[in-house]
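Structural overview for review
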Amino acid sequence: EFKAMEKDMLERSAKREQDMRTSNAFKMNGNKLFKKRDYKGAIAEYTKALEARKDHKAVYTNRALVYLKMKKYTKAIKDCTTVLEIWEFLEEKKSKDDIAVKALVRRAQGYRAKKQYQNAVNDLREALSLKPSVPFNSK
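The following paragraphs examine the structure supplied in this document.

Each value, and the rule that gives it
Residues numbered from 1 in each chain as written. Predicted model: local features only at pLDDT ≥ 70, side-chain atom pairs only at ≥ 80, totals over all residues. Heavy atoms only, no water. Phe/Tyr/Trp six-rings, centres within 6.5 Å; stacked < 30°, edge-to-face > 60°. Axes fitted to C-alpha atoms, helices over the stretch in contact; angles between N-to-C directions. Helix = DSSP H or I, 4+ residues; strand = E, 2+ residues; numbered from the N terminus. Parallel < 35°, antiparallel > 145°, perpendicular 65-115°, else oblique. Left-handed = near helix turned anticlockwise from the far one by under 90°. Contact = heavy atoms within 4.5 Å. Nonpolar A, V, L, I, M, F, W, Y, C, P; charged D, E, K, R; others polar. Buried < 20%, exposed > 50% of the residue type's maximum accessible area, 1.4 Å probe, protein only. Lys, Arg positive; Asp, Glu negative; His and termini not counted. Salt bridge = Lys/Arg side-chain N within 4 Å of Asp/Glu carboxyl O.

Attention now goes to the packing of aromatic side chains. Aromatic rings in a pair are described by how distant their centres are and how their planes are angled relative to each other. In this structure the tally under the stated criterion is one aromatic pair. A centroid spacing of 5.6 Å and a plane angle of 40° characterise the contact between Phe34 and Tyr39, whose relative ring orientation is tilted.

Put into structure tokens, the structure is as follows:
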């Protein structure tokens, strides 16, 4: 019985690793397209990356940045919120997590663009509480 469980655990682990490699490949393609300002292409690649690994937080923040560039603020806010939900429930190290700070800052940018200023301020305050040396810029 334990051998079967061990085999199952090893198979699941190997699949998760392969899924992450697949997700990273799509992410890298998305990054290249983003640098070329092919935002629709980048969104497509990031979406494929998330189909491979739904918990790949960096892909959500990357896609959120593209949505911000495309002025699709609600979608950017949604992606950042997803990152924060994953981070909150699955991460052990809660302090000084760069991905959470990035998600908070990008979500604040989305809120600012939608004139939801109090939400933007709340996110920026939380980002500062996690990492007091956060460089805030509008890029």
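With that settled, consider the packing of helix H3 (residues 57-69) against helix H4 (residues 73-90). Contact pair H3 / H4: the axes reach a minimum separation of 8 Å and the direction vectors enclose 165°. Between H3 and H4, the interaxial angle falls into the category roughly antiparallel. Where H3 crosses over H4, the handedness of that crossing is left-handed. Of H4, the residues touching H3 (which contributes Lys57, Tyr60, Thr61, Arg63, Ala64, Tyr67 and Leu68) are Tyr73, Lys75, Ala76, Asp79, Cys80, Thr82, Val83, Ile86 and Trp87.

With that out of the way, let us pick up the packing of helix H2 (residues 39-52) against H3. Axis separation between H2 and H3 bottoms out at 10 Å; the angle between their running directions is 155°. Viewed along their axes, H2 and H3 adopt a mutual orientation that is roughly antiparallel. For H2 against H3, the interelement crossing comes out left-handed. On the side of H2, the interface is formed by Tyr39, Ala42, Ile43, Tyr46, Thr47, Ala49 and Leu50, while H3 contributes Val59, Tyr60, Asn62, Arg63, Val66, Tyr67 and Lys69. Tallied by class, the residues present in the contact of H2 with H3 amount to ten nonpolar, two polar and two charged.

Assignment of secondary structure puts Lys27 in helix H1 (residues 2-35). The buried charged residue Lys27 lacks any salt bridge, with Asp55 as its nearest oppositely charged partner at 12 Å. Ignoring anything within four residues of it in the chain, the contact list for Lys27 reads Tyr46, Ala49, His56, Ala58, Val59 and Asn62.

With that out of the way, let us pick up the environment of Arg16. Among the secondary structure elements, Arg16 is positioned in helix H1. Leaving out residues up to four positions away in the same chain, Arg16 has contacts with Arg53 and Asp55.

Scanning the entire structure with this criterion turns up nine salt bridges. For the salt bridge of Lys7 with Glu11, the shortest nitrogen-to-oxygen distance reads 3.6 Å. Remark: Glu11 and Lys7 occur in helix H1; sequence separation between them is four residues, near one turn of the helix. Among the ionic pairs, Lys15 bridges to Asp19, the shortest N-O distance being 2.9 Å.

Its place among the elements puts Met20 in helix H1. Distance from Met20 to Arg53, taken between C-alpha atoms, is 6.2 Å for residues 33 residues apart in sequence. In this structure, Met20 is in contact with Arg53 and His56, ignoring residues within four places of it in sequence.

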